[in-house]
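What follows is the residue order along each chain.
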Amino acid sequence: MKSVFGRFSCMVLATVLVALTCGAAEVVKVSPLIAACERGSMKQLKKLVAEGVDVNVSTDAKGRTALMIVADKGNSSLVTYLLANGATLETVDARGNTALTLASSKGHKRVVTLLLDARANPNLASGKSATPLMAASMGGHTAVVKELLATRAEPDAANAYGGTALMVASESGHGAVVKELLIARADPNLANKGGWTSLILASMKGHSKVVKLLLKERVNPDAAAENGSTALMVASENGHADTVKLLLAAKADPNLVNKGGATALTVASVNGHSKVIKLLLAAKADPDVVMNGGVTSLIFLSQRGNTEAVQALLKVGVNPNITDNRGMTALIPASRNGHTSVVKLLLAARADPNIANVDGVTALMAASDNGRTDVVKLILAARANLNPVSKAGLNALGYARLNGHEGVVKTLLAYEAKKLRASQKRVRR
């Protein structure tokens, strides 16, 4: 099912990836200088420099200079040679990356050291691009992150979307990098332009170790993105039970509601995460919260046939007869879909088999319409009324006959005959 949450969160990480990997589509004639760097040929590079070629003039199809190409490849010998021959450090490619950003993204520590020693700016980013620290953090390159921080890289420098190194490291699950950034006093409470914090991003991906590190920094576990989504909601939506446990232990509120009307419990229910549902109910999540359209967790889970989760909801006393905006109870869709074990649970919890939705359809009619003989027997045993007629002018027997469900027809007729005999016996008495 499509997520109930907006997805600004991934924009930061996707933007960094695009900035570091995408190139221009058009074909560009490769100069001898660029070709030598692509091949890693020191001999050819020295020959061209000796002939007076400017190492800063030519670029490839991605707008990368000779220095950027060799930095991206991690060729420290060619980097050293180009720097000695006047290669500029601050030039950016078509995506706003510097040579330092490209080397950082690949974890080329030796090259990063050479560039920093040559006084490359560790905080330079252009447009939507990542800073070198963000690039290294996203790739999980701890040694490079340490090197950049030691040369005064700003831990909270952000790109055009407000993403920081801590955010991309948290979303990528790089615990060692997160630890280094926190030691460098990166702010764990910062949010990107969609309101997504490092904690929300880590929780969404189920990176429990990172979540634990962030919670130790006393971050607000209930901080919400612009759409109202909290860390607990996104962890619950994606079924990350271990993360949910950590957040609940940190006193995250299970009953907060986002702008779409969803709670942690409702999104866990929509996605059928039974383990998470049990954790939330144990933390006193409200089981009767109504989602958009009037659907409750019980109705949705009954429709899906999630026996374990339905049992957990009924155990905490959820009302089995609550209806959605169309008068649908949990028993009606469970019966229609033939979820026998769920139907048993609902009936045992005193679900009323005679409640009809706005179309006049009862659970017995729904089961009969779809040929669910076993369910029909269960509902009849719960003293369902055979006589009601829906707005379509059909009773349960009519639905069964219309769709050729002979087994259901026989069951209904046998039940009707049994009732008739019992009635006649009472009259004779």
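Turning to the overall build of the protein chain, a few remarks are in order. When its secondary structure is counted, the protein chain shows 25 helices and 0 strands. The C-alpha atoms of the protein chain give a radius of gyration of 32 Å, which is well past the 22 Å a tight globule of 429 residues would have. Here the C-alpha coordinates of the protein chain stretch approximately 120 × 45 × 25 Å along the principal axes. Split into buried and exposed, the 429 residues of the protein chain put 49% on the buried side. If you take every contact in the protein chain between residues at least 6 apart in sequence, the share linking residues at least 24 apart comes to 70%. Entry remark: accessible area of the protein chain is about 19300 Å², with carbon and sulfur atoms responsible for 50%.

Another point: the environment of E51. Within the secondary structure, E51 is located in the loop between α3 (42-50) and α4 (66-73). Note on E51: relative accessible area 52%, which makes it exposed. Among the polar contacts made by the side chain of E51, one reaches the side chain of K47 at a distance of 2.8 Å.

Turning our attention to the nonpolar core. The biggest cluster of nonpolar side chains holds 125 residues, and the ones touching the most others in it are L115, L181, L280, L346 and L412. Broken down by element, the residue count for this core peaks at 6 residues, all from α4.

So, about the packing of helix α15 (residues 241-249) against helix α17 (residues 274-282). Closest axis-to-axis distance for the α15/α17 pair is 9 Å, and the angle between their directions is 10°. Our classification of the angle between α15 and α17 gives roughly parallel. Where α15 crosses over α17, the two elements pack in a sense that is right-handed. Residues A241, V244, K245 and L248 of α15 form the contact with α17, whose participating residues are K275, V276, L279 and L280. In terms of residue class, the contact of α15 with α17 is made up of 6 nonpolar, no polar and 2 charged.

What follows covers a positive patch on the surface. A cluster of basic side chains, namely K179, K209, K212 and K216, defines a positive patch on the protein surface. Broken down by element, the positive patch gets its largest block of residues, 3 residues, from helix α13 (residues 208-216). Tracing the backbone through its elements, the reader meets K216 in helix α13.

Here we come to α17. Within α17, the full set of buried residues consists of S274, V276, I277, L280 and L281. Buried residues in α17, looked at end-on, bunch into an arc of 160°, giving them a common side. α17 presents K275 and A282 as exposed residues on the side facing more than 90 degrees away from its buried surface. Where α17 is buried, its residues touch α14 (231-237), α15, α16 (264-270), α18 (297-304) and α19 (307-315). K284 lies just past α17 and shows a positive phi near 70°.

For helix α7 (residues 109-117), the set of buried residues is V111, V112, T113, L114, L115 and L116. Elements in contact with the buried residues of α7: α4, α5 (76-84), α6 (99-106) and α9 (142-150). Following α7 by one or two positions, R119 has its phi on the positive side, about 75°.

What follows deals with the confidence of the model for the protein chain. For the protein chain, mean pLDDT is 91; residues scoring 70 or higher make up 91% of the total. Taken as a whole, residues 4-12 scores under 50 in pLDDT and shows 35 contacts with residues more than four places along the chain or in a different chain.

Turning our eyes to something else, we now look at the pattern of salt bridges. Here the structure, examined in full by the defined rule, presents 12 salt bridges. Between K278 and E308 there is a salt bridge, with its nearest N and O atoms 2.7 Å apart. Taken together, the residues span a long stretch of sequence, with K278 in helix α17 and E308 in helix α19 at a distance of 30 residues. The exposure class of K278 is partly exposed, given its relative accessible area of 40%. The class for E308 is partly exposed, based on a relative accessible area of 40%.

Attention now goes to the environment of L201. Residue position: L201 is located in helix α12 (residues 198-205). Residue L201 is classed as buried on the basis of its relative accessible area of 0%. In this structure the C-alpha to C-alpha distance between L201 and S236, which are 35 residues apart in sequence, comes to 13 Å.

Let's shift gears to the packing of helix α21 (residues 340-348) against helix α23 (residues 373-381). Where α21 contacts α23, the axes come no closer than 10 Å and their chain directions differ by 10°. Compared by their axis directions, α21 and α23 come out roughly parallel. Of α23, the residues touching α21 (which contributes T340, V343, K344 and L347) are D374, V375, L378 and I379. For the contact of α21 with α23, the residue count by class is 5 nonpolar, 1 polar and 2 charged.

Reading the values: the criteria
- Residues numbered from 1 in each chain as written.
- Predicted model: local features only at pLDDT ≥ 70, side-chain atom pairs only at ≥ 80, totals over all residues.
- Heavy atoms only, no water.
- Helix = DSSP H or I, 4+ residues; strand = E, 2+ residues; numbered from the N terminus.
- Rg over C-alpha atoms; globule rule 2.2 N^0.38 Å.
- Buried < 20%, exposed > 50% of the residue type's maximum accessible area, 1.4 Å probe, protein only.
- Contact = heavy atoms within 4.5 Å.
- Areas by Shrake-Rupley, 256 points an atom, 1.4 Å probe, with all protein chains shown as cover.
- Polar contact = N/O pair within 3.5 Å; in protein donor to acceptor, adjacent residues only side chain to side chain.
- Core = buried A, V, L, I, M, F, W, Y, C linked by side-chain atoms within 4.5 Å.
- Axes fitted to C-alpha atoms, helices over the stretch in contact; angles between N-to-C directions.
- Parallel < 35°, antiparallel > 145°, perpendicular 65-115°, else oblique.
- Left-handed = near helix turned anticlockwise from the far one by under 90°.
- Nonpolar A, V, L, I, M, F, W, Y, C, P; charged D, E, K, R; others polar.
- Patch = residues over 30% accessible without salt bridge, like charges linked within 9 Å, V, L, I, M, F, W, Y side chains within 5 Å.
- Salt bridge = Lys/Arg side-chain N within 4 Å of Asp/Glu carboxyl O.
- Lys, Arg positive; Asp, Glu negative; His and termini not counted.
- Charge placed at Lys NZ, Arg CZ, Asp CG, Glu CD.
- Arc of directions from axis to C-beta.
- pLDDT = per-residue confidence, 0-100.

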